[in-house]
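Notes for the structure review
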Amino acid sequence: MADNLIQIRDVCKTYHRGKMEIPVLQALNLDIQEGDFLALMGPSGSGKTTLLNLIGGLDKPTSGSVEIGGQRIDQLSETRLARWRSRNVGFVFQLYNLLPVLTAQRNVELPLLLTGLSGAERKKRALTALSVVGLEDRATHKPAELSGGQEQRVAIARALVSDPCLLICDEPTGDLDRKTADEILDLLQVLNRDHGKTIVMVTHDPKAADHANHRLHLDKGSLTAEIPA
Amino acid sequence: MKYFSLIWAGLYRKPIRSFLTLASIFIAFLLFGLLQSVSRAFESGVDLSGADRLIVAPKYSIVDLIPLSYRNQIRQIEGVENIAHRTWFGGTYKDPANFFPRWPVPAKEFLEIYTEYILPPEQKQAFITIRTGIIAGRSIADKYEWKVGDKIPFIADIWENKDKGPWVFDLVGIYDGKDETVSTDQMFINYDYFDEYRAFEVGAVGTLILKISDPDQSAAIATQVDAMFANSSDETKTSTEQAYNQMFAKQMGDIGFIMTAILSAVFFTILLLTGNTMAQAIRERIPELAILKTIGFTNRSVLLIVIAESVCLSLLGGILGLVMATMMIPGLGASIPFFIGLEMNPVTFATGVCAAIALGIVVGLMPAFRAMRLNIVDALGKHV
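What you see is a predicted model, and the numbers here were worked out from it, not measured in a lab.

Reading the values: rules and limits
Residues numbered from 1 in each chain as written. Chains lettered and ligands numbered in written order. Predicted model: local features only at pLDDT ≥ 70, side-chain atom pairs only at ≥ 80, totals over all residues. Heavy atoms only, no water. Helix = DSSP H or I, 4+ residues; strand = E, 2+ residues; numbered from the N terminus. Rg over C-alpha atoms; globule rule 2.2 N^0.38 Å. Contact = heavy atoms within 4.5 Å. Areas by Shrake-Rupley, 256 points an atom, 1.4 Å probe, with all protein chains shown as cover. Lys, Arg positive; Asp, Glu negative; His and termini not counted. Charge placed at Lys NZ, Arg CZ, Asp CG, Glu CD. Axes fitted to C-alpha atoms, helices over the stretch in contact; angles between N-to-C directions. Parallel < 35°, antiparallel > 145°, perpendicular 65-115°, else oblique. Left-handed = near helix turned anticlockwise from the far one by under 90°. Pairing = 2+ DSSP bridges. Salt bridge = Lys/Arg side-chain N within 4 Å of Asp/Glu carboxyl O. Buried < 20%, exposed > 50% of the residue type's maximum accessible area, 1.4 Å probe, protein only. Domains from an automatic or database assignment.

Turning next to the overall build of chain A. Across its full length, chain A holds seven helices and ten strands. Its C-alpha radius of gyration of 17 Å places chain A within 12% of the 17 Å reference for a compact globule of 229 residues. When the backbone C-alpha atoms are referred to their principal axes, chain A occupies close to 45 × 45 × 40 Å. Long-range pairs, those at least 24 residues apart, make up 68% of the contacts in chain A between residues at least 6 apart in sequence. Surface summary for chain A: the accessible area is close to 9800 Å², and the carbon and sulfur share equals 46%. Put simply, chain A has 27 plus and 29 minus side-chain charges, and the middle of one group is 6 Å from the middle of the other.

Below is the structure:
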């Protein structure tokens, strides 16, 4: 049995809008094993993205602990958390979030700018990542010259290029047609199965969730049930 | 350097906006280069003045005259080695636009005192002996294609001659400066001929020029001179040549103040314009900056990237403006020969480059702080 990569204990998250407090996550506990592919589902406002942000180190819990790979990331400073993200997490978003004036290769190279690699080595690794997602022939294209599916592949290549152990995917197929969405989900499955990446994916789409190994359901900030995949 | 692609991407995102901002910075630094050079040209005229020369001028106005006979009394003062004088001639050479300073001077004494003007011995002698003789600086002679032996006519404006006709002089010499800091854009007229032929004010001169043996005695000698003519109908005000030149420049307006005022207005406008442009550019890129932070760029990295972008734009526009000013200055100097040593000084250029960097930092600081403080979750617009 694989070890737990992610351990979340008694996590609460409350947002403040003026004087109003909005509790989003309540005493949430969750373990995710290394090499798992987990789909988080639930209605809008249930706290899926908030949970994803806590796992990805983009936000901190109001209380409770978030431990990933043995590290309490909720206790890290902003700067150390940024460095931790650059080494351990790849992010894939619904709207791809590529920099429009950079080519696909330059977009993929972005996380490598934070390393001490030479320009030639960065380029080599970016092209390798693009070849993993089947886009080595689009390296010099800018996002506006790519289809939605290709843009998302570039975003996945960017998430992969620094070889993180964890991929955080927030509605990665939400802006794609069914066929392209299936291609992207197949790619994520390959990354999970063949490259050993642990993937946590938020989705509304049951068909997308079918590609995961497990499904968890969130409602009103609490995990309500594990749905067999 | 590895962030250059990111910085370039920021600038290239809206090329027209970046170009227009660059153009406004370019114009500001072109003005800076030109105006600072003009201001320095005024100052250099002052700095080049001899420390061992005193100017005895009319007390109340530079347009008044003083009697040449004062020379004999001043000569008695201990420490006064030599005395020359000069008077503003004015006049028009062919066209009023052909402006350059022309001064009737006593040839022998003047050349003894102003040793920085170099001309061959035979031309020096000709200037002393030929009553209608004039000498012109090399830049004037080159500009108007004069050569020794030419007759040079001038239409009178201040100084009518006894025939109420044009003044015609013989060019007997062309002088060079002893080094490149000495202006060669003036013309000197043999005073004896001028004084004899002018229709009025015979025996009066604009200023007396005293060569003194010890510069440390300048204040004492100046006091003695002015005391000598106190309560006369032509009181004097004696000062060092440097102080006199400064006073002369101030009578034309406080050039330094005018330049500073113009440049302050220009840079304040550029500060607002560029600051607004940078702020807008950062506002539009909030999701992109949030992504950079998401993938691991620290707050400090984002701050520096935004400031570097602003400094790059400002520095590029600044250097282009200063280079253009450097290219334009020789033409400007040729059209306004009164400016002594009009050139792009390396200090002016370096000051401009520093100002461009400072402008970039000041303009980029606010948007950079905003980018640095960006909350990723808020910027990506996803709370729940």
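That shown, we press on.
Here we take up the overall build of chain B. The helix and strand inventory of chain B stands at 14 helices and twelve strands. A compact globule built from 384 residues should have a C-alpha radius of gyration of about 21 Å, whereas chain B, at 29 Å, is more than 25% larger. With the principal axes as the frame, chain B shows a C-alpha extent of 100 × 45 × 35 Å. Considering only contacts in chain B between residues 6 or more positions apart, those separated by 24 or more positions represent 81%. Total accessible area on chain B stands at roughly 18000 Å², and carbon and sulfur atoms take up 61% of it.

Glancing now at the packing of helix α5 (residues 148-160) of chain A against helix α6 (residues 178-195) of chain A. Residues and elements named next belong to chain A. Between α5 and α6, the least distance of the axes is 10 Å, while the angle of their chain directions is 15°. With respect to each other, α5 and α6 are oriented roughly parallel. Between α5 and α6 lies a crossing whose hand is right-handed. The segment α5 lies against α6, with Gly149, Gln152, Arg153, Ile156 and Leu160 engaging Thr180, Glu183, Ile184, Leu187, Leu188 and Leu191.

All names here are of chain A. Across the sheet, which stays open at both edges, the four strands sit in the order β2-β1-β4-β5 with antiparallel pairing between neighbours. Edge positions in the sheet fall to β2 (20-33) and β5 (71-72), since each of these pairs with one other strand and no more. Two strands pair when backbone bridges link them, and strand β1 (residues 4-17) and strand β4 (residues 63-68) are joined in this way by five bridges, in the antiparallel orientation. Looking across to β4, one finds that Ile6 is bridged to Ile68. Where helix α1 (residues 48-55) meets the sheet, its contacts fall on β1, β2 and β4, and the angle it forms with β2 comes to roughly 60°.

Next up on the list: the pattern of salt bridges. Side-chain pairing between opposite charges can occur once the charged atoms of the two side chains come close. All names here are of chain A. Counted according to the given criterion, the structure contains 29 salt bridges over all chains. As a salt-bridge pair, Glu183 and Arg153 come within 3.7 Å of each other at their nearest N and O atoms. Linking Glu183 in helix α6 with Arg153 in helix α5, this pair joins segments that are 30 residues apart in sequence. For Glu183, a relative accessible area of 31% puts it in the partly exposed group. The shortest N-O distance in the salt bridge between Asp163 and Lys197 comes to 2.4 Å. Within this pair, whereas Asp163 is found in the loop between α5 and β7 (166-170), its partner Lys197 is found in the loop between α6 and β8 (198-202), the two being separated by 34 residues in sequence. Classification of Lys197 by relative accessible area gives buried; the value is 6%.

The domains assigned to chain B are domain 1 (4-45 + 254-380) and domain 2 (48-251). For domain 1 of chain B versus domain 2 of chain B, the separation of C-alpha centres amounts to 46 Å.

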